[in-house]
Structures are given as structure tokens and as C-alpha cells.
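Coordinate analysis (summary)
What follows is each chain in one-letter form.
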There are 2 protein chains.
Amino acid sequence: MSTKKSAAQAGQSLWSAMPKANSELFALTYGSLVTELVRDYEDPIEVNAQLDRIGHSIGVRCVDEFLSKADVAGMSLATQCQNLRDTAEVVAKMGFKMFLGIQAEVGGFSQDQRSFSIYLQDNPLATFVELPGDEQSGGDDLRRLKYSNLYCGVIRGALEQVNLKVECNIVRDTLKGRRSE
Amino acid sequence: MSTKKSAAQAGQSLWSAMPKANSELFALTYGSLVTELVRDYEDPIEVNAQLDRIGHSIGVRCVDEFLSKADVAGMSLATQCQNLRDTAEVVAKMGFKMFLGIQAEVGGFSQDQRSFSIYLQDNPLATFVELPGDEQSGGDDLRRLKYSNLYCGVIRGALEQVNLKVECNIVRDTLKGRRSE
């Protein structure tokens, strides 16, 4: 990937070519999925694992779409992703853009260049969402819920398909009253 | 509603103002929800009921969004919906357009004007979906699944909020090898 700008431009052109749905309806549907899982599994740690599992199968599917659309648009990712920095840029600037219409930022590379963070300014999954506070009934349990854990599974599943085995976690989440995710 | 064209135009302008997500990601997320419900409830009749219930709460939420956006755009629905024919047009041409970017057609009014059909040429919920055939293992059960039953709940919930009590069912579905839904 030559410059940050080119990944962002590529993301924009992929996004404009995709069929779209209302993102609020998407958020409400995702909310229904999380609600069902919370109802079924009760333990939020298990719900997080299920969201990751579901995300993984979505990611496996999405990456095919992503690679074929990127290929059609003349962006050969095989030559563009030479190292993890390139991959991070493509995930954040092209992947998030193509599927959610948002652009994510990359930062926090570790010294050994083997880990990094992705920052979302907007989180379309969490529109309308408020998690119950500590003081509310049931709130204690849901503090451990990673509401948007689907993202982790999607990234893990998508990268696995291109032979990159990664671990992915949500470190911060504005739903829990912190600045960004 | 004066003409069909005006509902369609209003729908188009509402749609263009909405925040959007990739409709394939939406379809995959909805598919995950249906899969969870099938896993939990097993009986497809119960899954249909759950999809209707979830749709109902989404519809209750969506109609607020719809009315406020329509109001902002200067389309006063209170004066436009004088009878069920008007309502049908608004649901099909504005509602489906605003939330899914597709336009639906209205037809099949009963003689007493108390029932009608909505036809979708595309069904964004069912992208990538294939239901197992009769001959496949487990196929027997899923024949009774109404995969897109969320729509019925959404319509029922949304209209309930404007004091219209309706029944809504999926009559035909291309997923089951018939022409349209």
C-alpha cells in the first residue's frame, strides 16, 4: 500500500459500488441478535464468544466479496499487503469503509510490529444502544459484555482466509463510558 | 397521497438522506439471527413467531424515525393517509425505500378494501440464502420457516404505532421456489 490516501480512496470507491441498507435498521437487527444471545447464554463471556464465532463466519464470507470487488476495481491486494502495516491500513480504510461506510484509523503499533489498534470514531452497530449501568438490575452481568464483539470475529475470519492468523479484542468501548473503541 | 409517483419520490428522498450500511453485511447479520432462532426453538412455527415479535419491536422504533424524517422533509403523513390504499402506498413506496433502498409494489386489494398485498422484486434479507430442500436432511422442518417474517412484524409494529391494527403474513416466497413474495 503506497500511501494512506490511496487505501482511503480505494475504500471510498468500493463503498460507493456496494448495495446498501439503512444503517439504523442494521443496528436494530444486530441488537436483536445480541439480545437473543444474552437471553440464551446469560453469561456475557459466552455471549462474547458467540458474537466472535458469528463474526468469524461473516468475515469468511465478507473477505471473498472484498477480494473480488477490490480485484474488479483494479486494486490487487496481494501486491499491496507486504507487511502487517499494509494489512492494517487495508482492514481499517478499505474493509470498514466497504462494509459500514465508516473509515477507521490505525495506530498503536507495538515495537515488534506484530500488534496494532483500530480506532472507530463511529460505531454503526451501537446506534441506539445503552447498556444497563452498574446500579441497574442485571447491570453487573452485562458489564462484561462486549457488545460489538462481532467486529473481532469478522476481522479474524477475514484475515484467516488470507492466511493471517490474528487475535482480535475490544480494548475500549464508548458504550462503557470510555472515549473510543 | 395524491399520486403513486409522489410516494415514490418521497421515498427516494428519504432514502438518500439515511445513513447506510452494506446490505450484504446486513443480510449476513439477519441470517445469523435466523440461525440462532432455529437453533434455539427448533420448531419453525415458533421461529416465525419470534421473527414476527422481533420485527414488531423494530417496527415500533422505525416508525418514529420514519415519521420524524418524513416530517422534516415536509411530507405530512397525517393528511396523506386517508384510507388503507394511501397507507399501503406509503408503506410500500416510502417505508421499504427508506429502510432497504428497494421499492415495493402494492396490489391485490380485496373487494372490501380491507386487505392488500405488497410485492418485493428484491428481498435484501434473503441475499445468499438457500433453504434446504425437501429431500435434504432437516429440510422437512424448515419448509415451514418464513425466513423473512421479520418484515411482517415490522409492518405490524409500525402501523400499530399509528393506531392501525393489521395482520400481516408472507404469502409467497421465492426462497421456496415460487415467483415472488
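Placed above this text is the structure.
Notes on the structure in this doc start here. (Residues numbered from 1 in each chain as written. Chains lettered and ligands numbered in written order. Predicted model: local features only at pLDDT ≥ 70, side-chain atom pairs only at ≥ 80, totals over all residues. Heavy atoms only, no water.)

1. Examining the pattern of salt bridges
- Applying the stated criterion across every chain yields a total of twelve salt bridges over all chains.
- Where B:Glu36 meets A:Arg53, a salt bridge forms, and the shortest distance between an N and an O atom there is 2.9 Å. Of this pair, B:Glu36 sits in helix α2 (residues 23-41) while A:Arg53 sits in helix α3 (residues 44-72), which puts the two residues in different chains.
- Taking the relative accessible area as the measure of exposure, A:Arg53 reaches 32% and is therefore partly exposed.
- In this structure, the salt-bridge partner of B:Arg39 is B:Glu36, at a minimum N-O distance of 4.0 Å. Residue B:Arg39 and its partner B:Glu36 are located together in helix α2, separated by three residues, close to a single helical turn.
- We classify B:Glu36 as buried; its relative accessible area is 1%. (Salt bridge = Lys/Arg side-chain N within 4 Å of Asp/Glu carboxyl O. Helix = DSSP H or I, 4+ residues; strand = E, 2+ residues; numbered from the N terminus. Buried < 20%, exposed > 50% of the residue type's maximum accessible area, 1.4 Å probe, protein only.)

2. With respect to the relation of the copies chain B and chain A
- Mapping chain B onto chain A calls for a screw motion: a turn of 180 degrees about the axis and a shift of 0.0 Å along it, with 0.0 Å RMSD after fitting. As the rotation angle and translation indicate, the two copies are arranged about a two-fold axis.
- Looking at chain B, 100% of its interface residues are interface residues in chain A too, so the copies touch through the same face. (Least-squares fit on C-alpha atoms with pLDDT ≥ 70 in both. Contact = heavy atoms within 4.5 Å.)

3. Structural notes on unusual backbone geometry
- Of note, the phi angle at A:Asn163 is positive, near 65 degrees, even though the residue is not glycine.
- Turning to its location among the elements, A:Asn163 is positioned in the segment after α7 (150-161).
- A positive phi angle, near 60 degrees, is found at B:Gln113, a position not held by glycine.
- Looking at where B:Gln113 falls in the secondary structure, it is placed in the loop between β2 (104-107) and β3 (117-120).
- Relative accessible area serves as the criterion here: at 35%, B:Gln113 is assigned to the partly exposed category.

4. Remarks on α7(A)
All names here are of chain A.
- The end-to-end C-alpha distance of α7 is 17 Å, a good match for the 16 Å that twelve residues give at a rise of 1.5 Å each.
- Of the positions making up α7, those classed as buried are Leu150, Tyr151, Cys152, Gly153, Val154, Ile155, Gly157, Ala158 and Leu159.
- Remark: Asn163 follows α7 within two positions and exhibits a positive phi of approximately 65 degrees. (Expected span 1.5 Å × (residues − 1).)

5. Considering the pairing of strand β3 (residues 117-120) of chain A
Residues and elements named next belong to chain A.
- Of the two faces of β3, the one lined by Ile118 and Leu120 is fully buried and the one lined by Ser117 and Tyr119 carries no buried residue.
- Alignment of strand β2 (residues 104-107) against β3, held across four bridges, turns out to be antiparallel. What sits directly across from Val106, in β3, is Ile118. (Pairing = 2+ DSSP bridges.)

6. Quick notes on the packing of helix α3 (residues 44-72) of chain B against helix α5 (residues 84-100) of chain B
All names here are of chain B.
- Remark: α3 packs on α5, axes separated minimally by 11 Å, with the N-to-C direction vectors making an angle of 100 degrees. It follows that α3 is roughly perpendicular to α5 by the angle criterion. Residues Cys62, Glu65, Phe66 and Lys69 of α3 form the contact with α5, whose participating residues are Val90, Met94, Gly95, Met98 and Phe99.
- When grouped by side-chain class, the residues that make up the contact of α3 with α5 number six nonpolar, one polar and two charged. (Axes fitted to C-alpha atoms, helices over the stretch in contact; angles between N-to-C directions. Parallel < 35°, antiparallel > 145°, perpendicular 65-115°, else oblique. Nonpolar A, V, L, I, M, F, W, Y, C, P; charged D, E, K, R; others polar.)

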